[in-house]
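Inside the fold
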Amino acid sequence: QELLSSIARLYTDLGRHEPATPILEEWRSLPGSEREFLLFRLLGRNYLETGRPAEGIVACQRALRLFPQDSVSMSLLGLLYVEQGEGRELGLTLCRKALALDNFNADHWYRLGRALFHSGDPEGALEAARRCLKLQRRHVAASLLIGPAGQRADGGASRATEKGPGRSRGPSLDGPTS
C-alpha cells in the first residue's frame with residue numbers, strides 16, 4: 001500500500017495522470033484503503049485530468065468526508081462542480097473556502113480562476129490567475145488561462161474556445177499538489 005501510494009503520488013505530481021489512475025484504482029481495492037483521504041484526493045485529481053469528471057466528483061466528496069478540511073479536495077471539487085454544471089455557486093464557494101484554508105496554494109488560485117472563467121467571469125479569472133502566478137511564477141496552466149481570460153475581459157472574444165482553458169487531456173498543467 002505504501003509503495004502504491006508513493007508511486008501514484010509521484011506520477012500525479014509529474015502530471016502523468018494516465019499511468020497514475022490504474023495504480024490508484026489498485027490501491028483502492030486493498031483492505032483499509034477506504035479510510036485513506038489521500039487516495040481519494042489523488043483519484044479526484046487524476047479523474048479530472050483524464051476526462052472522468054463524474055468519478056472525480058465522487059472521489060473528492062469521499063476525501064472530504066474523511067478529512068473535511070482538505071483544501072485540495074475542496075478546490076478540486078469546486079472546479080468539478082462548476083465545469084460539470086453541478087452547481088456554479090456551490091462550486092465557487094468551495095474554491096473560495098479552499099483559499100480561506102490555504103491562500104498560499106497557487107493551484108487553488110488557478111482552480112478558482114478556471115472556475116470563474118467557465119462561469120463567465122473573465123475579470124475574476126484574470127485576477128485569480130495573476131494571484132496564482134504571484135505565488136508560482138512558472139505555473140503553466142495559469143499562464144495559459146491569462147490569454148483567454150484577458151481577451152474576454154477586454155471584450156475581444158465572446159467565446160475564446162469551446163472547452164475553455166485547462167481542459168487538455170495531455171500532461172497536467174495543474175502543477176504539484178500538496
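The sections below set out a description of the structure shown in this document. (Residues numbered from 1 in each chain as written. Predicted model: local features only at pLDDT ≥ 70, side-chain atom pairs only at ≥ 80, totals over all residues. Heavy atoms only, no water.)

Here we come to the overall build of the protein. When helices and strands are tallied, the protein shows 9 helices and 0 strands. Reading the helices (α) and strands (β) of the protein from amino to carboxyl end gives α-α-α-α-α-α-α-α-α. Taking the contacts inside the protein whose residues are at least 6 apart along the sequence as the reference set, 55% of them involve residues at least 24 apart. When the accessible area of the protein is evaluated, it comes to approximately 8600 Å², of which 53% is carbon and sulfur surface. (Helix = DSSP H or I, 4+ residues; strand = E, 2+ residues; numbered from the N terminus. Contact = heavy atoms within 4.5 Å. Areas by Shrake-Rupley, 256 points an atom, 1.4 Å probe, with all protein chains shown as cover.)

What follows concerns helix H9 (residues 140–153). Taking 1.5 Å of rise per residue, the 14 residues of H9 would be expected to cover 20 Å, and the 20 Å separating its terminal C-alpha atoms lies within 8% of that figure. Looking at the buried residues of H9, the elements they touch are helix H7 (106–118) and helix H8 (122–135). A positive backbone phi angle near 80 degrees is found at Gly155, which sits one or two residues after H9. (Expected span 1.5 Å × (residues − 1).)

Quick look at the pattern of salt bridges now. For the structure on display, the rule yields 8 salt bridges. Residues Arg45 and Asp13 are paired through a salt bridge, measuring 3.9 Å at the closest nitrogen-oxygen approach. Note that Arg45 is positioned in helix H3 (residues 37–49) and Asp13 in helix H1 (residues 2–13), a separation of 32 residues in sequence. Residue Arg52 is joined to Glu55 by a salt bridge in which the shortest nitrogen-to-oxygen separation is 2.7 Å. The exposure class of Arg52 is partly exposed, given its relative accessible area of 27%. Owing to a relative accessible area of 34%, Glu55 belongs among the partly exposed residues under this scheme. One salt-bridge network, in which partners are shared between bridges, spans Arg9, Asp13 and Arg45. (Salt bridge = Lys/Arg side-chain N within 4 Å of Asp/Glu carboxyl O. Buried < 20%, exposed > 50% of the residue type's maximum accessible area, 1.4 Å probe, protein only.)

Further remarks concern the nonpolar core. Leu77 and Leu112 are the most contacted members of the largest nonpolar core, which totals 34 residues. Residue assignment for this core shows that the elements contributing at least two residues are helix H4 (53–66), helix H5 (71–83), helix H6 (88–101), H7, H8 and H9. The element that contributes the greatest number of residues to this core is H5, accounting for 8 residues. Discounting residues that sit within four places of it in the chain, Leu112 has contacts with Leu92, Cys95, Arg96, Leu99 and Ala128. Counting 13 residues, the second-largest nonpolar core is a separate cluster that includes Leu4, Ile23, Trp27 and Phe40. (Core = buried A, V, L, I, M, F, W, Y, C linked by side-chain atoms within 4.5 Å.)

So, about H8. With 14 residues, H8 ought to run about 20 Å at 1.5 Å a step, and its terminal C-alpha atoms sit 20 Å apart, in line with that. Pro122, Gly124, Ala125, Leu126, Ala128, Ala129, Cys132 and Leu133 are the residues of H8 that are buried. If you follow the buried residues of H8, they end up packed against H7 and H9.

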